[in-house]
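Below, each chain spelled out in residue letters.
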Amino acid sequence: MKFERYGIGIAKGLAVTIRHLLRRPVTTQYPEQRLNTSRRIRGNELIWDKDKCTGCATCAKTCPQGSIEIVTSVMIDENKYQVEKFEVDTGYCIFCGLCVEACPYDALFMGYAYERAKYRRGELVMANEALLASAERRPSGYARPQVEAALPKQSLLLDKDRGKR
Ligand code: SF4
Ligand code: SF4
């Protein structure tokens, strides 16, 4: 009796193995092939819009990690702040997105990319121009519906599998 049960288990296992042998692979050959990530990914370093930023420091006060440091000077004639330094220590950042949600001027975005390995700790501290958007540093749609609408739809391995059948 026990022998029969054991044999059935082996047969079922082999059937599963054979079924998978006949299926086409669903894996993605990264980095040559890539899937589209979520449009609201909290990826990469923060993206800063220097022109929109007023230096109000709401983002820095919101950050639970104390990752953001802002230095401003007062422009008395124009009755506003000049942002001298906007620095984010992404080594401490936990990519929670609270600073992006808190910014009242839509001047801060999470990044859309996710490859952010660095060789040195110091390279994780990013300031001013290094935080601006570029072709490699696109903003994510996280908490920014207008950005989200313009990004490509997320693709999943499941969709890829369905397309091959
Ligand atoms: S994403 Fe979170 S941890 Fe990172 S800087 Fe913003 S508030 Fe701080
Ligand atoms: S909350 Fe927004 S506007 Fe205020 S300092 Fe931060 S990025 Fe600039």
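Residues numbered from 1 in each chain as written. Chains lettered and ligands numbered in written order. Predicted model: local features only at pLDDT ≥ 70, side-chain atom pairs only at ≥ 80, totals over all residues. Heavy atoms only, no water.

**Things to note about the site of ligand 1**
Here is step 1: The full set of residues close to ligand 1 is Leu 46, Cys 63, Pro 64, Gln 65, Ser 67, Ile 68, Cys 93, Ile 94, Phe 95, Cys 96, Gly 97 and Cys 99.
Here is step 2: Its residues assigned to classes, the shell around ligand 1 shows nine nonpolar, three polar and no charged. (Near = heavy atom within 4 Å. Nonpolar A, V, L, I, M, F, W, Y, C, P; charged D, E, K, R; others polar.)

**Focus on the sheet that holds strand 3 (residues 80–89)**
Paired through their backbone hydrogen bonds, the strands of a sheet run either parallel or antiparallel.
Here is step 1: The strand order across the open sheet formed by three strands is 2-3-5, and the pairing between neighbours is antiparallel. Each edge of the open sheet is held by one strand with a lone partner, namely strand 2 (68–75) and strand 5 (125–127). Across the sheet, the mean angle from the axis of one strand to that of its neighbour is 20°, orientation sign disregarded.
Here is step 2: Here strand 3 pairs with strand 5 via three bridges, running antiparallel. Bridging across to strand 5, Glu 87 finds its partner in Ala 127. (Pairing = 2+ DSSP bridges. Helix = DSSP H or I, 4+ residues; strand = E, 2+ residues; numbered from the N terminus. Axes fitted to C-alpha atoms, helices over the stretch in contact; angles between N-to-C directions.)

**A look at the environment of Gln 82**
Here is step 1: Mapped onto the elements, Gln 82 comes out in strand 3.
Here is step 2: The partly exposed category is assigned to Gln 82, whose relative accessible area is 35%.
Here is step 3: The spacing of Gln 82 and Thr 54 is 28 residues in sequence and 7.4 Å in space, taken between C-alpha atoms.
Here is step 4: Excluding anything up to four places from it in sequence, Gln 82 contacts Val 71, Thr 72, Ser 73 and Met 75. (Buried < 20%, exposed > 50% of the residue type's maximum accessible area, 1.4 Å probe, protein only. Contact = heavy atoms within 4.5 Å.)

**Description of the environment of Ala 150**
Here is step 1: Counting through the fold element by element, Ala 150 comes out in the loop between helix 4 (145–148) and helix 5 (157–164).
Here is step 2: Each C-alpha atom of the pair Ala 150 and Leu 132 lies 19 Å from the other, and the pair is 18 residues apart in sequence.

**Here's the deal with the site of ligand 2**
Here is step 1: Inspection of the region around ligand 2 gives 13 residues, with Cys 53, Cys 56, Ala 57, Cys 59 and Cys 103 positioned closest.
Here is step 2: For the shell around ligand 2, the per-class residue count stands at ten nonpolar, three polar and no charged.

**Notes on the packing of aromatic side chains**
Here is step 1: This model, assessed by the stated rule, comprises one aromatic pair.
Here is step 2: When the centroid spacing of 4.7 Å and the interplanar angle of 15° are considered together, the rings of Trp 48 and Phe 86 count as stacked. A residue pair is termed long-range when its members are at least 10 positions apart, and Trp 48 in strand 1 (residues 43–48) and Phe 86 in strand 3 qualify at 38 residues. Exposure class is identical for Trp 48 and Phe 86. Each is buried.
Here is step 3: Seen from the ring of Tyr 92, Arg 121 lies directly overhead, with NZ or CZ sitting 5.1 Å from the centre. (Phe/Tyr/Trp six-rings, centres within 6.5 Å; stacked < 30°, edge-to-face > 60°. Lys NZ or Arg CZ within 6 Å of the ring centre and 35° of its normal.)

**Topic: the side chain of Asp 89**
Here is step 1: Its place among the elements puts Asp 89 in strand 3.
Here is step 2: The class of Asp 89 is buried, set by a relative accessible area of 14%.
Here is step 3: Discounting residues that sit within four places of it in the chain, Asp 89 has contacts with Ser 67, Arg 121, Leu 124 and Val 125.

**Topic: the side chain of Asn 44**
Here is step 1: Along the polypeptide, Asn 44 turns up in strand 1.
Here is step 2: Once residues within four sequence positions are removed from consideration, Asn 44 is found in contact with Phe 95, Gly 111, Ala 113, Tyr 114, Glu 115 and Arg 116.

**A word on the pattern of salt bridges**
Here is step 1: Following the criterion strictly, the structure yields twelve salt bridges and no others.
Here is step 2: For Lys 50, the salt bridge goes to Glu 129, with nearest N and O atoms at 2.8 Å. A residue pair is termed long-range when its members are at least 10 positions apart, and Lys 50 in the loop between strand 1 and helix 2 (58–62) and Glu 129 in the loop between strand 5 and helix 4 qualify at 79 residues.
Here is step 3: What makes Glu 129 partly exposed here is its relative accessible area of 48%.
Here is step 4: One continuous salt-bridge network, built from bridges that share partners, spans Glu 45, Arg 116, Lys 118 and Arg 137. (Salt bridge = Lys/Arg side-chain N within 4 Å of Asp/Glu carboxyl O.)

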